[in-house]
Amino acid sequence: MKSLEDALKHKVGLGTAPLGNMFRDVPEEEARETIQTAWNQGVRYFDTAPFYGAGLAEMRVGDVLSKYNRDDYVLSTKVGRYMTEETEENEGLFEHGRNNKVITDYTEDATKRSIEQSLERLKTDRLDMVFVHDVSPDFHGDEWVAKFEEARTGAFRVLSRLREEGVIRSWGLGVNTTEPIELAMELEETKPDVCLSATQYTLLQHDRALQRMMTMAEEKDVDIVVGSPYNSGVLLGGDHYNYEKAGAEIIGRVNQLKEIGEKYNVPLKAAALQFTTAHPAVKSVIPGSTRPDRIKEDLEMIQREIPKAFWDELVERGFVSAHAPLPI
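Residues numbered from 1 in each chain as written. Predicted model: local features only at pLDDT ≥ 70, side-chain atom pairs only at ≥ 80, totals over all residues. Heavy atoms only, no water.

> Looking at this model, I keep getting lost on the overall build of the protein chain. Mind explaining?
Helices and strands together make up the secondary structure of the protein chain, namely 14 helices and 12 strands. In terms of its C-alpha atoms, the protein chain occupies a principal-axis envelope of roughly 55 × 45 × 40 Å. The burial tally for the protein chain puts 57% of its 328 residues in the buried class. If you take every contact in the protein chain between residues at least 6 apart in sequence, the share linking residues at least 24 apart comes to 77%. Taken as a whole, the protein chain presents about 13,900 Å² of accessible surface, with 44% of it coming from carbon and sulfur. Charged side chains of the protein chain number 40 positive and 57 negative; the gap between the two group centres comes to 3 Å. (Helix = DSSP H or I, 4+ residues; strand = E, 2+ residues; numbered from the N terminus. Buried < 20%, exposed > 50% of the residue type's maximum accessible area, 1.4 Å probe, protein only. Contact = heavy atoms within 4.5 Å. Areas by Shrake-Rupley, 256 points an atom, 1.4 Å probe, with all protein chains shown as cover. Lys, Arg positive; Asp, Glu negative; His and termini not counted. Charge placed at Lys NZ, Arg CZ, Asp CG, Glu CD.)

> What is the right way to read unusual backbone geometry from this model?
Leave glycine aside and you will find that most residues have negative phi; peptide bonds, for their part, are mostly trans. The backbone of K11 shows a phi angle near 70 degrees, a positive value even though the residue is not glycine. Looking at the element boundaries, K11 is found in the loop between helix 1 (4–7) and strand 1 (14–15). Positioned with a positive phi, N231 is a non-glycine residue whose angle comes to about 50 degrees. The topology assignment puts N231 in the loop between strand 9 (223–227) and strand 10 (240–241).

> How should helix 14 (residues 308–316) be read in this particular structure?
Quick reminder: α-helices carry 3.6 residues per turn. Residues three or four places apart thus point the same way. Every buried residue of helix 14 is listed here: F310, W311, E313 and L314. In a view along the axis of helix 14, the buried residues occupy a sector of 160 degrees, so they form one face of it. Positive backbone phi, approximately 85 degrees, marks G318, located one or two places after helix 14. (Arc of directions from axis to C-beta.)

> Quick question: what am I supposed to make of the nonpolar core here?
Side chains that are nonpolar tend, in soluble globular proteins, to be buried together. Counting residues in hydrophobic clusters, the biggest one holds 82 residues, and the most contacted among them are F46, V132, F156, L173 and L203. What F46 contacts, discounting residues up to four positions off in sequence, is L14, I35, A38, W39, L65, Y73, V74, L75 and S76. In terms of nonpolar packing, the next biggest core, distinct from the first, is built from 12 residues, L4, Y45, F131 and A198 among them. (Core = buried A, V, L, I, M, F, W, Y, C linked by side-chain atoms within 4.5 Å.)

> Is there a simple way to explain the packing of helix 4 (residues 108–122) against helix 7 (residues 155–164) in this structure?
Helix-helix packing is described using two parameters, namely the angle between the two axes and the distance between the axes. Helix 7 packs onto helix 4 with a crossing angle of 55 degrees between their chain directions and a minimal axis gap of 8 Å. In terms of orientation, helix 4 lies oblique with respect to helix 7. Crossing of helix 4 against helix 7: the hand is right-handed. Residues E108, T111, K112 and I115 of helix 4 form the contact with helix 7, whose participating residues are A155, V158, L159, R161 and L162. Partitioned by chemical class, the residues of the contact of helix 4 with helix 7 number five nonpolar, one polar and three charged. (Axes fitted to C-alpha atoms, helices over the stretch in contact; angles between N-to-C directions. Parallel < 35°, antiparallel > 145°, perpendicular 65-115°, else oblique. Left-handed = near helix turned anticlockwise from the far one by under 90°. Nonpolar A, V, L, I, M, F, W, Y, C, P; charged D, E, K, R; others polar.)

> Quick question: what am I supposed to make of the side chain of T178 here?
Relative to the helices and strands, T178 resides in the loop between strand 7 (170–175) and helix 8 (179–185). Setting aside chain neighbours within four positions, we find T178 in contact with Q200, R208, A209 and M213.

> Could you clarify how one ought to interpret the pattern of salt bridges in this entry?
When the charged atoms of two side chains lie near each other, side chains of opposite charge can form a pair. The tally for this structure, following the rule as stated, stands at 29 salt bridges. We note a salt bridge from R121 to E58, for which the minimum N-O separation is 2.6 Å. Note that R121 is positioned in helix 4 and E58 in helix 3 (residues 56–65), a separation of 63 residues in sequence. Accessibility classification places R121 together with E58 in one group, the buried group. Notably, a salt bridge pairs R208 with E182, separated by 3.1 Å at the nearest N-O pair. Linking R208 in helix 9 (residues 207–211) with E182 in helix 8, this pair joins segments that are 26 residues apart in sequence. The exposure class of R208 is partly exposed, given its relative accessible area of 37%. Given the relative accessible area of 1%, E182 is considered buried. Through salt bridges with shared partners, a single network forms among E28, R32, R60, D63 and K123. (Salt bridge = Lys/Arg side-chain N within 4 Å of Asp/Glu carboxyl O.)

> How should I be thinking about a negative patch on the surface in this particular structure?
Together, E88, E89, E91 and E95 make up a region of like negative charge exposed at the surface. Looking at where E89 falls in the secondary structure, it is placed in the loop between strand 4 (81–87) and strand 5 (100–104). (Patch = residues over 30% accessible without salt bridge, like charges linked within 9 Å, V, L, I, M, F, W, Y side chains within 5 Å.)

> Explain the sheet that holds strand 3 (residues 74–79) here, please?
Strand-to-strand pairing in sheets goes through backbone hydrogen bonds, with the strands running parallel or antiparallel. In spatial order, the strands read 1-2-3-6-7-8-9-12; together these eight strands make up an open sheet with parallel pairing. On the outer flanks of this sheet lie strand 1 and strand 12 (282–286), each paired with one strand and no other. Looking at chain direction, strand 9 and strand 12 are connected through four bridges and run parallel. Across the sheet, residue G227 finds its bridge partner in strand 12, namely I286. With respect to the sheet, helix 12 (residues 268–278) is in contact with strand 9 and strand 12, its orientation differing from that of strand 12 by roughly 155 degrees. (Pairing = 2+ DSSP bridges.)

> Hey, could you run me through the environment of E120 in this one?
Along the polypeptide, E120 turns up in helix 4. Taking the C-alpha atoms as reference points, E120 and G20, separated by 100 residues in sequence, lie 16 Å from one another.

> I'm lost on the packing of aromatic side chains in this one. Help?
A ring pair, where both rings are aromatic, is described by two values, the distance of the centres and the angle of the planes. This structure, assessed with the given rule, holds 14 aromatic pairs. Here R81 stacks its cationic end above the ring of F139, 5.0 Å away from the centre of that ring. Positioned over the ring face of Y82 is R113, at 4.5 Å from the centre of the ring. (Phe/Tyr/Trp six-rings, centres within 6.5 Å; stacked < 30°, edge-to-face > 60°. Lys NZ or Arg CZ within 6 Å of the ring centre and 35° of its normal.)

Honestly, it's all geometry; don't read function into it.
Here's what the structure looks like:
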């Protein structure tokens, strides 16, 4: 049975949100080829979630990985949502996903139901890591604290028990803001040991995470998995920033970063991956893609040599915090 460290090639895993038809309708063949290419390139850590296309990403991951020995890869998914047979009109990030109705629920019963459904879609008998998904202000607004409390007395306790019983190895939160992770790390009764932080510790955005979350993670021995290291693609020239349309200010900042990168012959993808994984709390980065060729590129970029002068200029011009660990 692989540990997370053994499963990682250069700290890179595969995030599968795009494979749930995020932003566009991804052909089945393209989705499967993306997962297969990741496997062929040596990637052995795969992260998914019921939310990604109402189970679509999990189904695609399960279809490809189920032909391999379960001990040869590490799998994480999420709880906080489950599906019903009832259908609904899709909208938002996954408007092109399956149209099963998605129920958001962090209680004990819902957590168990979510895990059972995920195991079925993933065609496996066990999960390595489970993240409590989106119990965060960006999804629940002012209600997020109440949702956090629901998760604390529901999902957190279930997952702590499953970890103690050896059914799962690790659990934590999977969110797009820092505060819920910080709050969870302070709990005494139920302690996470790995958290997935998406969009918050990246080349483009990391000051808030450095102030508290990353320091706490080191102090409390909580591993961090970084999701969306390109901030939904804007760092690579896309038009989405943190899952929404990018504004002119963000695009301008990216263009400035790109100019500095060109000066030193450093692609922003290489800088983004290496910056994120330079922090000692970060055990893995999980860029997502629906393009098979991007997987190989990710692995090449994380190994690309970057001159110290590039990082020095980013710090000097305020693009990178002077407190951030750098890959020098």
